[in-house]
Amino acid sequence: MLMITGATGALGKLVTARLADRDDVLVGTRAPAPGQRRVDFDDPSSLDFTGVTTLLVISAGAAEDDVVAARHEAVITAAEKAGVGHLVYTSLSGDGDHLTYALAHRWTERRLLRSTLRWTVLRNGLYAEFLAAIAAPGPDGTIAAPLGDGRLAAVARADLADVAVRVATDPAPHAGRTYELVGEQPLSGTDLAEALGGRYQPGTLTATREAITTAAEALPFQVPMLLSTYSAIAGGFLDGTSIADNQLRALLGRAPRSALEVYAATVR
Ligand SMILES: NC(=O)c1ccc[n+]([C@@H]2O[C@H](COP(=O)([O-])OP(=O)(O)OC[C@H]3O[C@@H](n4cnc5c(N)ncnc54)[C@H](OP(=O)(O)O)[C@@H]3O)[C@@H](O)[C@H]2O)c1
């Protein structure tokens, strides 16, 4: 039996849709519909993985580091106890270490290393859809995100879902492997603006911090998360050039989707 956690998140939905015709797949989510399993990393009593041979753990990263680490500790411990055969974890690309949210991913990777499980780590690059959220044009069509002259090797979420499905449905050849999965065509603010027929006028981190901090929906931990994302892109850390062994194309078995097209389709 293959179980997917975080199944109603954006990545989880894409994964479960690809597995919809299989009867050996369990959908794990905090608010299950009929036929689904309740899986909430914050509630150890919900972490019953009896009979699960492969567990695809979609990271639950939208929280403070201690919360995320505790969640991932709980799910790994429960998988160990239940005798899960193989755990596949969605992590963050190796060039993302300057991002504040890298810490919880690296912590989880280390925890897997010392676990009793067979495991595979999918080091996902930042989504093209996430880029659309953080570098959307304003009402006048200007992109003012503080990306400087940096570029992001963004990757279509659907490509990462395809890779996750491939690995999770036949995990044995991938045991003990950590795969870097980033886009092949890094995108600059100018590229984004050209694709939309607008213009790019990079803002400052100060102005962006102020805007994010005053936005009613921003939680405190999200401010450094977002600021570190802009800094890392502007600083040239996330353009994919430092990834020596990008496995995206090989694991897809085809060319990746165009991140620029996904960006443009998402903001429109
Ligand atoms: N690479 C990137 O650009 C990028 C961007 C944003 C986030 N991420 C990371 O990648 C993960 C998946 O991305 P996404 O786009 O699917 O994010 P998403 O749409 O925000 O979905 C995250 C899902 O995580 C699950 N989750 C949250 N808290 C949980 C808990 N306590 N126990 C179990 N599951 C929990 C939830 O699934 P259910 O509601 O089904 O329980 C939630 O829908 C995120 O959680 C985050 O760690 C990556």
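Here, residues in each chain are numbered from 1, in the same order as that chain's written sequence. Given that the model is predicted, a residue must reach a pLDDT of at least 70 before its local features are reported, and side-chain atom pairs must reach 80 or more before they are shown or counted; all residues, however, enter totals for whole chains, interfaces and linings. With hydrogens and water excluded, all non-hydrogen atoms of the structure serve as input to the side-chain values.

Chemist: It is not clear to me how the site of the ligand should be interpreted in this structure. Could you clarify?
Modeler: One heavy atom suffices: a residue is near a molecule or strand as soon as one of its heavy atoms comes within 4 Å of it. Contacts to the ligand come from 22 residues, most closely from T8, L11, T29, S59 and Y127. Between G9 and the ligand, the recorded distance is 3.3 Å, taken from a backbone N or O atom to an oxygen atom. Counting of polar contacts relies on pairs of N or O atoms within 3.5 Å, with two restrictions inside protein: one atom must be capable of donating a hydrogen and the other of accepting it, and residues adjacent in sequence are counted only when both atoms are side-chain atoms. Measuring from an oxygen atom of the ligand, one finds a side-chain N or O atom of R157 at 3.1 Å. Relative to its unbound accessible surface of 870 Å², the ligand loses 80% to contact with the protein. The residue makeup of the shell around the ligand, split by class, is 10 nonpolar, 7 polar and 5 charged. Every accessible area reported is derived by Shrake-Rupley at a probe size of 1.4 Å, with residue values counting cover from the shown protein chains alone. When residues are sorted by character, Ala, Val, Leu, Ile, Met, Phe, Trp, Tyr, Cys and Pro go into the nonpolar class, Asp, Glu, Lys and Arg into the charged class, and all the rest, Gly among them, into the polar class.

Chemist: Just to check I follow, could you spell out the UniProt feature "domain: NAD(P)-binding" (unreviewed entry) in the protein for this structure?
Modeler: UniProt positions are given in the numbering used here, feature names are shortened, and annotations may be inferred rather than shown by experiment. Look at the UniProt record and you will see "domain: NAD(P)-binding" (unreviewed entry) annotated at residues 6–171. Helix makes up 36% of residues 6–171 and strand 17%. Its end C-alpha atoms lie 19 Å apart. Counting from the N terminus, the helices are DSSP H or I runs at least four residues long and the strands are E runs at least two residues long.

Chemist: I would appreciate a short explanation of the pairing of strand β5 (residues 86–92) in the present structure.
Modeler: Look at any regular strand and the pattern is simple: side chains alternate between the two faces of the sheet. Residue exposure (1.4 Å probe, protein chains only): buried if accessible area is under 20% of the type maximum, exposed if over 50%, otherwise partly exposed. Within β5, 7 of the 7 residues are buried, leaving the element largely enclosed by the surrounding structure. The alternating pattern of β5 places H86, V88, T90 and L92 and L87, Y89 and S91 on opposite faces, both of which are buried. Of the pairings in the sheet, the one linking strand β4 (residues 54–57) to β5 comprises 4 bridges and is parallel in character. Bridge pairing in β5 places V57 opposite Y89. Considered for its hand, the β-α-β crossover made up of β4, helix α2 (residues 65–82) and β5 is right-handed. What makes two strands pair is DSSP finding at least two bridges between them. Where β5 lies against strand β6 (residues 118–124), 7 bridges are found, and the strand directions are parallel. By convention a crossover is right-handed if, when the strands point away from the viewer, the path from the first strand over the helix to the second runs clockwise.

Chemist: Is there a simple way to explain the pairing of strand β2 (residues 25–29) in this structure?
Modeler: In terms of burial, β2 is a largely internal element, 5 of the 5 residues being buried. Residues V25, V27 and T29 point to one face of β2 and L26 and G28 to the other, with burial holding for every one of them. Bridge analysis of strand β1 (residues 2–4) against β2 gives 3 bridges, and the strand direction is parallel. Bridged to M3 within β2 is L26. Following the chain from β1 across helix α1 (residues 10–18) to the adjacent parallel β2, one finds a crossover that is right-handed.

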